[in-house]
Amino acid sequence: MFYRKKKRFSILTTQRKLAIFLACFILSVAGVFYYVNAQLTPTYLRYAEVQTNKIASMVISKAINSRTANVLDVNDIIEEVPSDSANMVTTKFNTEIINRVLSDTNSLVQSHLEQAEQGNLSSLPYLDDIEYDKQTMEDQGGVVFFVPMGQATNIPLIGNLGPKIPIRFHVIGNVQSNVVPTIQEFGINNAYVEVSIHIKVNVQIIVPLASKMSVVEQNIPVAMGLVQGQVPYIYTKGEGNSPSVEVPLPLPEK
């Protein structure tokens with residue numbers, strides 16, 4: 001009887017030790033996993049932000065390249081304003097054309113980003129180091145892709161090996177855009193004019209146990225070209241004692 005009790009006590013003690021050992025082992029593994037993940041999370045986020053900017057920028061470029069109209073000549077969007085002086089020419093931008101291009105560009109970029117988030121692979125760029133999760137994109141939305149842990153942590157020894165880390169990004173809000181004109185002096189009374197659309201897209205990047213907000217920005221040219229003005233008979237550049245250049249007048253024909 002005493003032997004049976006002793007044997008039963010020994011079994012219970014062994015089971016208790018085994019349960020404590022398993023609990024400590026599980027807690028240790030969880031602690032190590034949490035520590036490693038906490039150390040690697042900033043690296044994941046930096047890598048995810050780079051890849052997200054790359055993909056979103058390529059989606060925007062793909063949307064713009066699908067336009068039927070190419071970059072306009074700047075003279076197509078500049079019109080002359082009548083002036084009282086015969087020797088003075090005043091010009092202005094044709095806002096109707098610019099606003100139409102701005103609206104079309106906004107709609108096109110927004111549409112391509114929405115299609116990409118719905119799992120339309122034709123709207124997404126093909127990249128060798130990225131694998132898209134089409135099923136998850138169709139079911140849950142957002143652009144979801146996998147990258148090997150070796151690439152995300154920049155460890156050359158494991159390269160494409162290791163577990164694949166899921167990265168997701170969502171477009172937040174609508175596409176924001178505005179017109180940015182740039183005018184540079186070119187020669188005598190000439191100017192190089194470039195009109196572009198500045199696109200801004202807010203995205204939320206999500207990696208395991210962390211997320212981050214980021215902004216994708218891109219400039220899209222609308223029109224560019226040289227605007228030529230009337231060459232003056234006397235040209236002075238700078239201030240002070242800078243020399244003046246006199247342009248010879250054409251002699252009247254005899």
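Residues numbered from 1 in each chain as written. Predicted model: local features only at pLDDT ≥ 70, side-chain atom pairs only at ≥ 80, totals over all residues. Heavy atoms only, no water.

Novice: Could you give an account of the overall build of the chain, with specific residues and numbers?
Specialist: When helices and strands are counted, the chain shows 4 helices and 10 strands. Across the chain, helices and strands are ordered from the amino to the carboxyl terminus as α-β-β-β-α-β-α-β-α-β-β-β-β-β. Per-residue burial for the chain yields a buried fraction of 30% across its 254 residues. A fraction of 58% describes how many contacts in the chain between residues 6 or more apart in sequence connect residues 24 or more apart. Here the chain displays about 17200 Å² of accessible surface, and carbon together with sulfur accounts for 58% of that area. (Helix = DSSP H or I, 4+ residues; strand = E, 2+ residues; numbered from the N terminus. Buried < 20%, exposed > 50% of the residue type's maximum accessible area, 1.4 Å probe, protein only. Contact = heavy atoms within 4.5 Å. Areas by Shrake-Rupley, 256 points an atom, 1.4 Å probe, with all protein chains shown as cover.)

Novice: Provide a residue-level description of the nonpolar core, including the pertinent values.
Specialist: Core analysis: the largest hydrophobic core is formed by 49 residues, its most contacted members being Ile55, Phe145 and Val201. Those elements that place two or more of their residues in this core are α1 (2-65), α2 (95-117), β5 (143-148), β6 (164-185), β7 (190-207) and β8 (210-228). Of the residues forming this core, the biggest block, 10 residues, is contributed by α1. Sequence-distant contacts of isoleucine 55, defined by excluding residues within four places in its chain, comprise Leu124, Pro125, Leu127, Ile130, Tyr132, Phe145 and Phe169. (Core = buried A, V, L, I, M, F, W, Y, C linked by side-chain atoms within 4.5 Å.)

Novice: Please provide a residue-by-residue account of a nonpolar patch on the surface, values included.
Specialist: Together, Leu18, Phe21, Leu22, Phe25, Ile26 and Val29 line one region of the surface with nonpolar side chains, adding up to about 620 Å² of accessible area. Secondary-structure assignment places phenylalanine 25 in helix α1. (Patch = residues over 30% accessible without salt bridge, like charges linked within 9 Å, V, L, I, M, F, W, Y side chains within 5 Å. Salt bridge = Lys/Arg side-chain N within 4 Å of Asp/Glu carboxyl O.)

Novice: Describe α2, listing the residues and the values that go with them.
Specialist: In this model α2 runs 33 Å from its N-terminal to its C-terminal C-alpha over 23 residues, within 8% of the 33 Å that 1.5 Å per residue would give. Along α2, the residues classified as buried are Ile97, Ile98, Val101, Leu102, Thr105, Val109, Gln110, His112, Leu113, Ala116 and Glu117. The distance from a side-chain oxygen at the start of α2 to the backbone nitrogen of glutamate 96 is 3.1 Å, and the residue carrying that oxygen is asparagine 94. (Expected span 1.5 Å × (residues − 1). Polar contact = N/O pair within 3.5 Å; in protein donor to acceptor, adjacent residues only side chain to side chain.)

Novice: Lay out the environment of valine 203 in plain terms, naming residues and giving numbers.
Specialist: Mapped onto the elements, valine 203 comes out in strand β7. Residue valine 203 is classed as buried on the basis of its relative accessible area, which comes to 1%. Placed 61 residues apart in sequence, valine 203 and glycine 142 show a C-alpha to C-alpha distance of 10.0 Å. With residues up to four places along the chain from it excluded, the contact list for valine 203 reads Thr52, Phe169, His170, Val171, Ile172, Lys212, Met213, Ser214 and Val216.

Novice: Explain the pattern of salt bridges to me, and be specific about the residues and the numbers.
Specialist: This structure, assessed with the given rule, holds 2 salt bridges. A salt bridge links lysine 134 to glutamate 138; the nearest nitrogen and oxygen atoms lie 2.2 Å apart. Note that lysine 134 and glutamate 138 are positioned in helix α3 (residues 134-140) at a spacing of 4 residues, about one turn of the helix. Take lysine 134: its relative accessible area is 37%, and that puts it in the partly exposed class. In this structure glutamate 138 comes out as partly exposed when scored by relative accessible area, which is 40%.

Novice: Can you break down the pairing of β8 residue by residue, with the values?
Specialist: Across 2 bridges, the pairing between strand β1 (residues 72-73) and β8 is parallel. Paired with aspartate 73 across the strands is methionine 224, a residue of β8. Of the strand pairs in this sheet, β7 and β8 are connected by 18 bridges, and their pairing is antiparallel. Residue pairing in the sheet places histidine 198 in a bridge with asparagine 219 of β8. Linking β7 back to β8 in an antiparallel pair, the connection comprises 2 residues, with leucine 209 at a positive phi of about 70 degrees. (Pairing = 2+ DSSP bridges.)

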